[in-house]
Amino acid sequence: TSEVQAVSKDPFCLGGARRRGTKEEDKDCEQAEQDPVFPSLWLQPSYSSTTGSRIIRRTCHLFETSSEDTLRYGEDFSVTIREPALNKRVAQQQVKDTAQPSVEDAAQVAAGFRTAVAGGQMPRPGQGPPAEVREMYYSDAWGVAEGEDGKWAHVHYTGPEAYEVTAICSVTAALCLVEEADRLQPAARGGVVTPAFALHGSTFIERLEATPF
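Residues numbered from 1 in each chain as written. Predicted model: local features only at pLDDT ≥ 70, side-chain atom pairs only at ≥ 80, totals over all residues. Heavy atoms only, no water.

1. Description of the sheet that holds strand 3 (residues 82-85)
Reasoning step 1: With antiparallel pairing, three strands are arranged side by side in an open sheet as 1-2-3. A strand with exactly one partner marks an edge of an open sheet, and here the two such strands are strand 1 (33-34) and strand 3.
Reasoning step 2: Relative to strand 3, strand 2 (residues 42-45) runs antiparallel, the two being bridged by four bridges. Each bridged residue has a counterpart across the sheet, and for Gln44 the counterpart in strand 3 is Glu83.
Reasoning step 3: This element, helix 3 (residues 88-97), spans strand 2 and strand 3 of the sheet and lies at about 15° to strand 2. (Pairing = 2+ DSSP bridges. Helix = DSSP H or I, 4+ residues; strand = E, 2+ residues; numbered from the N terminus. Contact = heavy atoms within 4.5 Å. Axes fitted to C-alpha atoms, helices over the stretch in contact; angles between N-to-C directions.)

2. Re the confidence of the model for the protein
The predicted coordinates of low-pLDDT regions are not to be read in fine detail.
Reasoning step 1: Scored by pLDDT, the protein has a mean of 90; 99% of the residues are at 70 or more.
Reasoning step 2: Ranking the elements of the protein by mean pLDDT puts helix 1 (residues 2-8) last, at 82, and helix 9 (residues 195-198) first, at 95. (pLDDT = per-residue confidence, 0-100.)

3. Section: the nonpolar core
Reasoning step 1: Ala173, Cys176, Leu184, Leu199 and Phe204 form the largest nonpolar core, which has five residues in total.
Reasoning step 2: What Leu184 contacts, discounting residues up to four positions off in sequence, is Cys176, Leu177, Arg189, Ala198, Leu199, His200 and Ser202. (Core = buried A, V, L, I, M, F, W, Y, C linked by side-chain atoms within 4.5 Å. Buried < 20%, exposed > 50% of the residue type's maximum accessible area, 1.4 Å probe, protein only.)

4. Digging into a negative patch on the surface
Reasoning step 1: On the surface, a cluster of negative charge is contributed by Asp76, Glu146, Glu148 and Asp149.
Reasoning step 2: Take Asp76: it is sitting in the loop between helix 2 (49-64) and strand 3.
Reasoning step 3: Exposure remark for Asp76: the relative accessible area of 55% places this residue in the exposed category. (Patch = residues over 30% accessible without salt bridge, like charges linked within 9 Å, V, L, I, M, F, W, Y side chains within 5 Å. Areas by Shrake-Rupley, 256 points an atom, 1.4 Å probe, with all protein chains shown as cover. Salt bridge = Lys/Arg side-chain N within 4 Å of Asp/Glu carboxyl O. Lys, Arg positive; Asp, Glu negative; His and termini not counted. Charge placed at Lys NZ, Arg CZ, Asp CG, Glu CD.)

5. Topic: the environment of Glu148
Reasoning step 1: Along the polypeptide, Glu148 turns up in the loop between strand 4 (139-146) and strand 5 (152-159).
Reasoning step 2: Judged by its relative accessible area of 63%, Glu148 is exposed.
Reasoning step 3: It is 19 Å that separates the C-alpha atoms of Glu148 and Thr59, two residues lying 89 residues apart in sequence.
Reasoning step 4: Residues in contact with Glu148, not counting those within four places in the same chain, are Gly74, Glu75 and Asp76.

6. A look at a nonpolar patch on the surface
Reasoning step 1: Residues Val37, Phe38, Trp142, Val144 and Trp152 make up a contiguous nonpolar surface patch of about 560 Å² in total accessible area.
Reasoning step 2: Relative to the elements of secondary structure, Phe38 occurs in the loop between strand 1 and strand 2.

Put into structure tokens, the structure is as follows:
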């Protein structure tokens, strides 16, 4: 519905709004942008731009409203998720291809997906791509950040195909929940929350790094 689409376009629909208001870099990518840090690259919507940015802002909100935690992301916190392209034309085409459709067009796309699933041309929900297809893909992402003190930092993540990463992270999180309940403070952090909030203080990252998959 149009109401659902309006909510989905709000970058702070899951919380985390700043007192300074919404900045341009908070908004979803709706046009090709030249990277301000690496000017030779053009920015376009990423696979996880919309969902990922809102989950991170939700985590920010959860920590700010928790009486049990002192972790704060800062009033000037902003998150931008984009995918790079080597030229403006490619980025513009990706923006066009991933633009949010109208309610009517979305209904037609959904109907086409259901037909493809029924005909065996697409996997059913929960199935995902087969193992032989997953073996052809991998994950590679960079995170670049500037702190409130003006210092810069980055992290480079590499890993298996995204569906496999989801399974690996889910199992690792389950182990943390079973073996580190005292660290996770379930009474204070339980509920429908983000992984970063729920697993804060655990060895989740160390477990992932220690076990090669």
